[in-house]
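The chain contents come next:
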Amino acid sequence: MGNAKTQALREQISKLVDEYAAIALASQPFLPGLTVVPPSGKVVGAEELKKHGRSSLDGWLTTGRFNAEFEKKLAAFIGIKHLITVNSGSSANLVAFNTLTSPKLGERAIQKVMKS
């Protein structure tokens, strides 16, 4: 993407991200009472940071080419035909509930409970 100058800058940024990740994300010994334990358990490495940087440079601040690639690979990995990612667990719950209440499911769909 872009001309030779922007491509050279992208490559430079990528190398800087590798250098940053090697320092900032290096394993540290666990020291009880001192080491901060992250609440999310996320695992981010140099490759994820570089993809984030490339997405930002492309102007894709929401889903884009990396997300489409991820969805395709994840669907293949778990052996399904269609897959869509969402931005949060709350959104995932909304998508799941809408899916489970779809009229296309017929009798298998979640139904309203009628009070007697």
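Just above, that's the structure.
Residues numbered from 1 in each chain as written. Predicted model: local features only at pLDDT ≥ 70, side-chain atom pairs only at ≥ 80, totals over all residues. Heavy atoms only, no water.

A. Molecular detail of helix H3 (residues 65–78). Between its terminal C-alpha atoms H3 stretches 20 Å, which fits the 20 Å expected from 14 residues at 1.5 Å a residue. Of the residues making up H3, those classed as buried are Phe66, Glu71 and Ala75. One side of H3 carries all its buried residues, which in axial view fall inside an arc of 165 degrees. Among the exposed residues of H3, those pointing more than 90 degrees away from its buried face are Lys72, Lys73, Ala76 and Phe77. On its buried side, H3 packs onto helix H2 (46–58). Directly after H3, the chain includes Gly79, whose backbone phi takes a positive value near 75 degrees. (Helix = DSSP H or I, 4+ residues; strand = E, 2+ residues; numbered from the N terminus. Expected span 1.5 Å × (residues − 1). Buried < 20%, exposed > 50% of the residue type's maximum accessible area, 1.4 Å probe, protein only. Arc of directions from axis to C-beta. Contact = heavy atoms within 4.5 Å.)

B. Seen up close, the environment of Thr85. Looking at the element boundaries, Thr85 is found in the loop between H3 and helix H4 (89–100). Linking Thr85 and Glu71, residues 14 residues apart in sequence, is a C-alpha distance of 6.8 Å. Ignoring any residue separated from it by four or fewer positions in sequence, one finds Thr85 in contact with Asn67, Phe70 and Glu71. Polar contacts involving the side chain of Thr85 include one to the side chain of Asn67, which spans 3.0 Å. (Polar contact = N/O pair within 3.5 Å; in protein donor to acceptor, adjacent residues only side chain to side chain.)

C. Just the pattern of salt bridges, in detail. Taken as a whole and judged by the stated rule, the model has four salt bridges. For the salt bridge of Arg10 with Asp58, the shortest nitrogen-to-oxygen distance reads 2.6 Å. One end of the pair, Arg10, is in helix H1 (residues 4–24); the other, Asp58, is in helix H2, with 48 residues separating them in the sequence. Classification of Arg10 as buried rests on a relative accessible area of 18%. Classification of Asp58 by relative accessible area gives buried; the value is 19%. Of the charged contacts in the structure, one is a salt bridge between Lys50 and Glu47, with a shortest N-O distance of 3.1 Å. Highlighted residues: Lys50 and Glu47, both in helix H2, separated by three residues, approximately one helical turn. (Salt bridge = Lys/Arg side-chain N within 4 Å of Asp/Glu carboxyl O.)

D. Region of the structure containing the packing of H1 against H2. Direction vectors running N to C along H1 and H2 enclose 145 degrees, while the axes themselves pass 9 Å from each other. Pair H1 / H2 crosses with right-handed handedness. Residue-level contacts link Arg10, Ile13, Ser14, Val17, Asp18, Tyr20 and Ala21 of H1 to Ala46, Leu49, Lys50, Arg54, Leu57 and Asp58 of H2. Taken together, the residues of the contact of H1 with H2 break down into seven nonpolar, one polar and five charged. (Axes fitted to C-alpha atoms, helices over the stretch in contact; angles between N-to-C directions. Left-handed = near helix turned anticlockwise from the far one by under 90°. Nonpolar A, V, L, I, M, F, W, Y, C, P; charged D, E, K, R; others polar.)

E. Expanded view of a nonpolar patch on the surface. A cluster of nonpolar residues, Phe77, Ile78 and Ile80, forms a patch on the protein surface that exposes about 340 Å² of accessible area. Residue classification places Phe77 among the exposed residues on the basis of a relative accessible area of 70%. (Patch = residues over 30% accessible without salt bridge, like charges linked within 9 Å, V, L, I, M, F, W, Y side chains within 5 Å. Areas by Shrake-Rupley, 256 points an atom, 1.4 Å probe, with all protein chains shown as cover.)

F. Structural detail: the environment of Ser27. Its place among the elements puts Ser27 in the loop between H1 and H2. For Ser27, a relative accessible area of 74% puts it in the exposed group. The spacing of Ser27 and Glu69 is 42 residues in sequence and 29 Å in space, taken between C-alpha atoms.

Function cannot be read off these values alone, since they describe shape.
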